[in-house]
Structure formats: C-alpha cells, structure tokens
Amino acid sequence: MIKFIDAILKIDPKAEVTFLGEDIDSLKWDSTPIPKDTILAKQAEMQTEYDKKKYQRDRRSDYPDIGDQLDDLYHAGVFSDGMAAKIKTVKAKYPKE
C-alpha cells in the first residue's frame with residue numbers, strides 16, 4: 001500500500017512533515033502544508049499505478065536471470081555480429097574454470 005509520506009514527497013520532495021500517529025490528521029507540518037484531499041488524491045493515484053503493475057512484480061520472480069537470457073541469445077546466434085564478437089572476446093578473456 002502506498003503510504004501518506006510517499007504521496008506527500010511525490011507532491012513536494014522538499015516537504016517537511018512529522019507523523020505524530022498513524023492517521024493523516026496527525027501530521028505536523030514544518031513546511032507549507034499540503035491539503036489533506038490533495039494528499040489522499042495523490043495517494044489513490046499512486047496506488048492505482050502500483051496496482052496496475054502487479055503483473056510485472058509477479059513475473060519478475062519467475063523470469064530466468066537476465067544473464068542466463070542473454071547467454072541463451074548469444075548461443076542461439078541472435079545477436080548482431082558486432083555484439084557477438086564483443087561477447088566472445090569477454091568469454092575468451094574470462095573462461096569458465
């Protein structure tokens with residue numbers, strides 16, 4: 001869940017605020033206050049964006065390591081000749097033991 005402080009800092013990265021409790025009404029501002037409805041609207045907007053990208057977070061753990069993916073592409077001959085040559089040079093310089 002997106003927290004109040006995340007929304008506040010998205011609105012104003014230089015905001016200075018102290019939470020005196022868990023509630024948005026407990027904020028103590030040391031800088032120009034941001035209206036409560038503005039904070040709540042930004043929090044809802046950020047939560048919606050976060051929720052829309054759940055599939056990305058779910059996929060991330062199931063994908064093979066990026067190094068394994070790139071190695072597979074290299075061995076399948078999918079890279080351009082120039083990129084394949086660079087990779088081959090690195091592999092030759094640091095061979096598997």
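Provided above is the structure to which this section pertains.
Residues numbered from 1 in each chain as written. Predicted model: local features only at pLDDT ≥ 70, side-chain atom pairs only at ≥ 80, totals over all residues. Heavy atoms only, no water.

Some words on the overall build of the protein chain
No. 1: Along its length, the protein chain carries five helices and two strands.
No. 2: Reading the protein chain from its N terminus to its C terminus gives the helix and strand order α-β-β-α-α-α-α.
No. 3: Relative to the globule expectation of 13 Å for 97 residues, the C-alpha radius of gyration of the protein chain, 24 Å, shows a markedly less compact shape.
No. 4: Considering only C-alpha atoms, the protein chain reaches an extent of 60 × 25 × 25 Å along its principal axes.
No. 5: Expressed as a percentage of its 97 residues, the buried residues of the protein chain come to 16%.
No. 6: In the protein chain, 31% of the contacts between residues at least 6 apart in sequence involve partners at least 24 apart.
No. 7: As presented, the protein chain carries roughly 7900 Å² of accessible surface, and 55% of it is formed by carbon and sulfur atoms. (Helix = DSSP H or I, 4+ residues; strand = E, 2+ residues; numbered from the N terminus. Rg over C-alpha atoms; globule rule 2.2 N^0.38 Å. Buried < 20%, exposed > 50% of the residue type's maximum accessible area, 1.4 Å probe, protein only. Contact = heavy atoms within 4.5 Å. Areas by Shrake-Rupley, 256 points an atom, 1.4 Å probe, with all protein chains shown as cover.)

Quick notes on the pattern of salt bridges
No. 1: This structure, assessed with the given rule, holds six salt bridges.
No. 2: Two residues, Lys91 and Asp71, come together in a salt bridge whose shortest N-O distance is 2.6 Å. Residue Lys91 is located in helix α5 (residues 81-93), and its partner Asp71 is located in helix α4 (residues 66-76); the two are separated by 20 residues in the primary sequence. (Salt bridge = Lys/Arg side-chain N within 4 Å of Asp/Glu carboxyl O.)

Focus: the packing of aromatic side chains
No. 1: What the rule picks out here adds up to zero aromatic pairs.
No. 2: For Arg57, the ring lying beneath its charged end belongs to Tyr50, and the centroid distance is 3.6 Å. (Phe/Tyr/Trp six-rings, centres within 6.5 Å; stacked < 30°, edge-to-face > 60°. Lys NZ or Arg CZ within 6 Å of the ring centre and 35° of its normal.)

Digging into the environment of Ile34
No. 1: As for its position among the elements, Ile34 is in the loop between β2 (27-29) and α2 (36-52).
No. 2: For Ile34 and Ile8, which are 26 residues apart along the polypeptide, the C-alpha to C-alpha distance reads 7.6 Å.
No. 3: Non-local contacts of Ile34, meaning those with residues more than four positions away in its chain, are made with Ile8, Ile11, Asp12, Trp29 and Ile39.

Observations concerning a nonpolar patch on the surface
No. 1: Side chains of Ile66, Leu70, Leu73 and Val78 sit close together on the surface and give an oily, nonpolar patch of about 350 Å² of accessible area.
No. 2: Note on placement: Ile66 falls in helix α4.
No. 3: Residue Ile66 is classed as exposed on the basis of its relative accessible area, which comes to 54%. (Patch = residues over 30% accessible without salt bridge, like charges linked within 9 Å, V, L, I, M, F, W, Y side chains within 5 Å.)

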